[in-house]
Amino acid sequence: MKRTWTIIGVRDVPSSFKWYQSLFGQPRTPPGHDYFGQILDTDGTVLLCLHRWGAHEHPSLTSPDEASPGNGLLLFFRVDDFGLALKRARALVTRFEAEPHVNPNTQTREFSLRDPDGYYVTINALSAPEGRRPAGRRPNKRSQPTKARGRVRKAREQRPRRRG
């Protein structure tokens, strides 16, 4: 298995660390360093790394003045406690970038907010409520030209049937 470690530049690692722990409902712990910290899931999986701007000579983490923090980046987290995450998020910010709604692609609830450094953060429910599961992909017969539909039907009819 491969995993990514998303690292974002922040002005104040301990403060951002506390903010993300609050958002995820995690117990308060200090980051490993004042210039770097890892937000971990309960199983030790790295969810997000916070790196102080300019702490090392990483080309893309030199300064927030070189580019807008979060430009081209969407932090998208799927959570199994959406309702509680929503309450925690409302306690952290005065307004959301996107109020809770159902994502038409995942059929799950989500909302978006900005973190203290301006990163766009989306929180998405891990699963859809009962009765709102995404439908399986079925071919849209109307999108095929009439001739193609006939060819597809003929090909199916000519295939030898398997016996199980």
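As the structure is a prediction and not an experimental result, all values here were calculated from the model.

Caption draft 1: Region of interest: the sheet that holds strand β1 (residues 7-10). Pairing is mixed across the open sheet formed by three strands, whose spatial order is β1-β3-β2. Among the strands making up the open sheet, the edge pair consists of β1 and β2 (36-40). Averaged over all adjacent pairs, the angle separating strand axes in this sheet is 25 degrees, with direction ignored. Of the strand pairs in this sheet, β2 and strand β3 (residues 46-52) are connected by five bridges, and their pairing is antiparallel. Paired with Phe36 across the two strands is His51, which belongs to β3.

Caption draft 2: Spatial organisation of helix α2 (residues 82-92). Looking at α2, one finds that the buried residues are Phe82, Ala85, Leu86, Arg88 and Ala89. For α2, the angular spread of the buried residues around the axis is 165 degrees, confining them to a single face. Opposite the buried face of α2, at more than 90 degrees from it, the exposed residues are Lys87 and Ala91. Buried-residue contacts for α2 involve α1 (13-24), β4 (75-79), β5 (98-102), β6 (109-114) and β7 (120-125).

Caption draft 3: Geometry of the packing of α1 against α2. Following both chains from N to C, one finds α1 and α2 inclined at 145 degrees, their axes separated by 7 Å at the closest point. Residues Trp19, Ser22, Leu23 and Phe24 of α1 touch α2, and the partners they reach there are Ala85, Arg88, Ala89 and Leu92. Along the lines of polarity and charge, the residues of the contact of α1 with α2 split into six nonpolar, one polar and one charged.

Caption draft 4: Examining the sheet that holds β7 more closely. Pairing is mixed in the open sheet, where four strands are placed in the order β4-β7-β6-β5. Of all the strands in the sheet, just β4 and β5 have a single pairing partner and so form its edges. For this sheet, the mean inter-axis angle between neighbouring strands, taken without regard to orientation, is 20 degrees. Pairing analysis gives five bridges linking β4 to β7, with the strands arranged parallel. When the sheet's bridge partners are listed, Phe77 is paired in β7 with Ile123. Here α1 sits on the sheet and contacts β4, β6 and β7; the angle it forms with β7, its principal contact strand, is near 20 degrees. Sheet contacts for α2: β4, β5, β6 and β7; angle to β6, the most-contacted strand, approximately 20 degrees.

Caption draft 5: Up close: α1. Between its terminal C-alpha atoms α1 stretches 16 Å, which fits the 16 Å expected from twelve residues at 1.5 Å a residue. Most of α1 is tucked away: nine of the twelve residues are buried. The complete set of buried residues in α1 reads Val13, Ser16, Phe17, Trp19, Tyr20, Gln21, Ser22, Leu23 and Phe24. Its side-chain oxygen placed 3.2 Å from the backbone nitrogen of Ser15, Asp12 serves as the N-cap of α1. Among the residues trailing α1, Gly25 stands out with phi positive, at a value near 70 degrees.

Caption draft 6: Structural context of unusual backbone geometry. Located in the positive-phi region is Gln107, a residue other than glycine, with phi close to 60 degrees. Along the chain, Gln107 turns up in the loop between β5 and β6. Owing to a relative accessible area of 22%, Gln107 belongs among the partly exposed residues under this scheme.

Definitions and cut-offs
Residues numbered from 1 in each chain as written. Predicted model: local features only at pLDDT ≥ 70, side-chain atom pairs only at ≥ 80, totals over all residues. Heavy atoms only, no water. Pairing = 2+ DSSP bridges. Helix = DSSP H or I, 4+ residues; strand = E, 2+ residues; numbered from the N terminus. Axes fitted to C-alpha atoms, helices over the stretch in contact; angles between N-to-C directions. Buried < 20%, exposed > 50% of the residue type's maximum accessible area, 1.4 Å probe, protein only. Arc of directions from axis to C-beta. Contact = heavy atoms within 4.5 Å. Nonpolar A, V, L, I, M, F, W, Y, C, P; charged D, E, K, R; others polar. Expected span 1.5 Å × (residues − 1). Polar contact = N/O pair within 3.5 Å; in protein donor to acceptor, adjacent residues only side chain to side chain.

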